[in-house]
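One letter stands for each residue in the lines below.
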Amino acid sequence: MGIDLTGRVVVVTGGNRGIGLGIARAVAEAGADVAIWGRDADRNAEAAERLAATGRRIHAATCDVTDEDRVAAAMDATIEALGPLDAFVANAGVGGALLPYADVTLEEWRRVMTVDLDGVFLSTREAVRRLIEHRRPGALVLVSSTSAIHGAARNVAYGTAKTGLLGLTRALAVELARHHIRVNALLPGWTITELAEAAYADDRFRAVTTRRTPVRRWAEPADMGPAAVFLCDPTIEYHTGDHLVVDGGYTVF
Ligand code: NDP
């Protein structure tokens, strides 16, 4: 018998495709009722329909995580539909344009920071407000990246934002322990999704990264599911402020 999330409510931002959808499916299969938040209403609806096949209650909210009011509204709608929150997976993110540092514009820098840091700040802050208000123990999972470990050359804004999430994870873990809220980061390695589509399609890059991965393949979004389920497990009390790397061994090779 695996981890049982029956009766728990889990929000996954960016849950309409890629890693977020993989995580949403895994937590639903573990028994949770799941809300997915994303900007594209059609993709949300399509993903919600697929997730409903798990037999769980699924709610889709149209939400841009960089918009403070939309985040609050999405949380209201989620709680109204599914009940109070137990776990929040801050997964929504964008990749960076691959550029030499000297060519990175302020606009590009801010585009990445706005989603990958501000969006995580706004959405997790809302989750924390509700968990404290409802006096519920809870779990936050911040989806960072192995770019927070290896030097993300030519992808500096992204690597910097994802490293920033480790700081946020640690600070929140310390501050929120008294509220019985655990905070951990999940660091996926190379995963086949739209975000990494161009990198995966590049034969040379795919071959080099695969060779450097002891497991000898890129991850599928489903590979991130079990780690996310573990980090959301409400029966765990003592695991907080950590980062869990799921990269097929890439960063230790
Ligand atoms: P995808 O591009 O496949 O999916 C991104 C998801 O985020 C979509 O559901 C998208 O929905 C949502 N999203 C993007 N911007 C916003 C926004 N402003 N507000 C709300 N939702 C938003 O990416 P991945 O699945 O690859 O990435 C998921 C996370 O995993 C990201 O944080 C990424 O940095 C991280 N990651 C990915 C790796 C990889 O190799 N793929 C490796 C390491 C980390 P919509 O467009 O409808 O808003």
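The rules behind the values
- Residues numbered from 1 in each chain as written.
- Predicted model: local features only at pLDDT ≥ 70, side-chain atom pairs only at ≥ 80, totals over all residues.
- Heavy atoms only, no water.
- Buried < 20%, exposed > 50% of the residue type's maximum accessible area, 1.4 Å probe, protein only.
- Helix = DSSP H or I, 4+ residues; strand = E, 2+ residues; numbered from the N terminus.
- Pairing = 2+ DSSP bridges.
- Right-handed = clockwise from strand over helix to strand, strands pointing away.
- Core = buried A, V, L, I, M, F, W, Y, C linked by side-chain atoms within 4.5 Å.
- Near = heavy atom within 4 Å.
- Polar contact = N/O pair within 3.5 Å; in protein donor to acceptor, adjacent residues only side chain to side chain.
- Areas by Shrake-Rupley, 256 points an atom, 1.4 Å probe, with all protein chains shown as cover.
- 1 Å grid on protein atoms, 1.4 Å probe; cavity = no way out; pocket = protein on both sides within 12 Å on 5 of 7 lines; lining within 4 Å.
- Sits in = over half its atoms within 2 Å of the grid points.
- Points joined across faces, edges and corners; volume = space filled by probe spheres on them.
- Nonpolar A, V, L, I, M, F, W, Y, C, P; charged D, E, K, R; others polar.
- Expected span 1.5 Å × (residues − 1).
- Arc of directions from axis to C-beta.
- Axes fitted to C-alpha atoms, helices over the stretch in contact; angles between N-to-C directions.
- Parallel < 35°, antiparallel > 145°, perpendicular 65-115°, else oblique.
- Left-handed = near helix turned anticlockwise from the far one by under 90°.
- Contact = heavy atoms within 4.5 Å.

Within strand E1 (residues 9-13), 5 of the 5 residues are buried, leaving the element largely enclosed by the surrounding structure. Both faces of E1 are covered, namely the face carrying Val 9, Val 11 and Thr 13 and the face carrying Val 10 and Val 12. Pairing of E1 with strand E2 (residues 33-38) involves 5 bridges; the strand directions are parallel. For Val 11, the partnering residue across the bridge sits in E2 and is Ala 35. The parallel pair E1 and E2 is bridged by helix H1 (residues 18-29), and the resulting crossover is right-handed. Alignment of E1 against strand E4 (residues 87-90), held across 3 bridges, turns out to be parallel. Bridge pairing in E4 places Val 10 opposite Ala 87.

The next thing to look at is the nonpolar core. Of all hydrophobic cores here, the largest spans 30 residues; its most connected members are Val 10, Ile 23, Val 27, Val 34, Val 89, Leu 186 and Cys 232. Mapped by element, the contributors of at least two residues to this core are E1, H1, E2, helix H2 (41-52), E4, strand E5 (138-143) and helix H8 (225-232). Counting 26 residues, the second largest nonpolar core, distinct from the first, contains Ala 61, Ala 74, Ile 79 and Leu 142.

So, about unusual backbone geometry. In most cases, non-glycine residues show a negative phi, while peptide bonds are predominantly trans. The backbone of Arg 135 sits at a positive phi, close to 50°, despite the residue not being glycine. Tracing the backbone through its elements, the reader meets Arg 135 in the loop between helix H4 (106-133) and E5. We classify Arg 135 as exposed; its relative accessible area is 77%. Phi at Arg 154 is positive, roughly 60°, even though this residue is not glycine. Checked against the element boundaries, Arg 154 lands in the loop between E5 and helix H5 (156-176). By relative accessible area, which is 48% here, Arg 154 ends up partly exposed.

This part covers the site of the ligand. Lining the immediate surroundings of the ligand are 28 residues, of which Asn 16, Arg 39, Asn 91, Tyr 158 and Thr 193 lie closest. Between an oxygen atom of the ligand and a side-chain N or O atom of Arg 17, the distance comes to 3.1 Å. Interatomic distance of 2.6 Å between a side-chain N/O atom of Arg 39 and an oxygen atom of the ligand. Contact with the protein chains removes 96% of the 880 Å² of surface that the ligand exposes when unbound. When each cavity is represented as a set of grid points, the ligand is found to reside in the largest pocket. Contributing elements (two or more residues each) for the shell around the ligand: H1 and H5.

Over the atoms a probe the size of a water molecule is rolled, and this reveals where empty space is left. Here the largest pocket defines a volume of roughly 1300 Å³. The set of elements that each furnish at least two residues to the lining of the largest pocket consists of H1, E2, H4, H5 and helix H6 (197-201). Within the lining of the largest pocket, the residues separate by chemical class into 20 nonpolar, 20 polar and 10 charged. Each pocket or cavity is described by its volume, and for the second largest pocket that value is around 270 Å³. Split into classes, the residues belonging to the lining of the second largest pocket amount to 8 nonpolar, 3 polar and 5 charged.

The terminal C-alpha atoms of helix H3 (residues 68-82) lie 21 Å apart, and with 15 residues this matches the ideal 21 Å at 1.5 Å per residue to within 8%. Those residues of H3 that sit buried are Val 71, Ala 74, Met 75, Thr 78, Ile 79 and Leu 82. All buried residues of H3 lie within an arc of 130° about the axis, which places them on one face of the element. Exposed and facing more than 90 degrees away from the buried side of H3 are Asp 69 and Glu 80.

Looking now at the packing of H1 against H8. Two elements in contact, H1 and H8, have axes separated by 8 Å at closest approach and are oriented at 60°. Classified by the angle their axes make, H1 and H8 are oblique. For H1 against H8, the interelement crossing comes out right-handed. Here H1 contributes Gly 22, Ile 23, Ala 26 and Val 27 to the contact with H8, which in turn contributes Gly 225, Ala 228, Val 229 and Cys 232. Counted by class, the contact of H1 with H8 contains 6 nonpolar, 2 polar and no charged residues.

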